[in-house]
Amino acid sequence: LKMPDYKPRDPNIVKREESLFDICEKAMQTYMEKLFTPDGAHALEYARKRGFSDDIIKKYGIGYAPKNNIIANKFANSKHLIDSGLCRRGEFGMYDFFRDKLMFPIFNARGNIVAFSGRSLDGSEPKYINTADTEIFHKKSTVFGLNFARDAIYRNNRSIVVEGQIDAIKMQTNG
């Protein structure tokens, strides 16, 4: 077989992607911290009612996006914040896209956080909202939980596809 020619990636694109991965990682940490505060008590209660232990919550990076603009305020100086999909710009400035949601980070196959899915906690629709497509996240080509399931899929030569994040986590944590 003829090997394809190696083409090094543009260093500026690599640097930009690393910046987006970093924002997503720090956002996950912020959401996880908020889950264990009084603001996130209702989200933590919901997660526990769904059978998630603290170990599962930490392993999957589950968190809580409060109603205020925590991400927009915390990362206001980041030039790639809008590009991450976590914030939008309105007539009064930047605001958080995710508000009052149970947050699930979405990892790529290499284990980098590339996006988030937020679950409604008050019964409002839509039940889930996801980060819009970005430079590092393409919903059609990203499978939630694949980074955790890759080895099991390879060992068993099969995979099981379920509808949502909670279903995927429950399946993976129960064998």
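Residues numbered from 1 in each chain as written. Predicted model: local features only at pLDDT ≥ 70, side-chain atom pairs only at ≥ 80, totals over all residues. Heavy atoms only, no water.

Draft legend 1. Quick peek at the pattern of salt bridges. Enumeration over the complete set of coordinates arrives at seven salt bridges. In this structure, E17 and R9 form a salt bridge, with 2.6 Å as the shortest nitrogen-oxygen distance. Because the salt bridges share partners, they merge into one network encompassing R16, D83 and E135. (Salt bridge = Lys/Arg side-chain N within 4 Å of Asp/Glu carboxyl O.)

Draft legend 2. A look at the pairing of strand 2 (residues 87-90). When strand 2 meets strand 3 (residues 93-96), the two strands line up antiparallel, connected through four bridges. By the bridge assignment, C87 is partnered in strand 3 with D96. Following strand 2, the chain reverses through two residues before pairing antiparallel with strand 3. (Pairing = 2+ DSSP bridges. Helix = DSSP H or I, 4+ residues; strand = E, 2+ residues; numbered from the N terminus.)

Draft legend 3. Fine view of unusual backbone geometry. A cis amide bond links E125 with the next residue in sequence, P126, at an omega value of 0°. In this structure, D100 takes a positive phi of about 50° despite not being glycine. For D100, the location among the structural elements is in the loop between strand 3 and strand 4 (101-107). For D100, a relative accessible area of 13% gives the class buried. (Buried < 20%, exposed > 50% of the residue type's maximum accessible area, 1.4 Å probe, protein only.)

Draft legend 4. Structural context of helix 2 (residues 41-49). Residues of helix 2 that are buried: A43, L44, Y46 and A47. The buried residues of helix 2 all sit within an arc of 160° when viewed along its axis, so they share a single face. Along its buried surface, helix 2 packs onto helix 1 (11-35), helix 3 (54-60), strand 1 (63-65), strand 4, strand 5 (113-120) and helix 6 (165-173). With its phi angle positive at about 95°, G51 sits one or two positions after the end of helix 2. (Arc of directions from axis to C-beta. Contact = heavy atoms within 4.5 Å.)

Draft legend 5. Focus on the packing of aromatic side chains. This model, assessed by the stated rule, comprises five aromatic pairs. Plain terms: the ring middles of Y60 and F148 are 4.4 Å apart, the flat faces sit at 50° to each other, and that makes the pair tilted. A residue pair is termed long-range when its members are at least 10 positions apart, and Y60 in helix 3 and F148 in helix 5 (residues 146-156) qualify at 88 residues. The rings of Y60, F107 and F148 are connected pair by pair, giving a single aromatic cluster. (Phe/Tyr/Trp six-rings, centres within 6.5 Å; stacked < 30°, edge-to-face > 60°.)

Draft legend 6. Region of interest: the side chain of T134. Its place among the elements puts T134 in the loop between strand 6 (128-130) and helix 5. Overall, the relative accessible area of 10% leaves T134 in the buried class. Reaching out from T134, the side chain makes a polar contact with the backbone nitrogen of I136 at a distance of 3.2 Å. If we ignore the near neighbours within four places in the chain, the residues touching T134 are D83, S84, G85 and V114. (Polar contact = N/O pair within 3.5 Å; in protein donor to acceptor, adjacent residues only side chain to side chain.)

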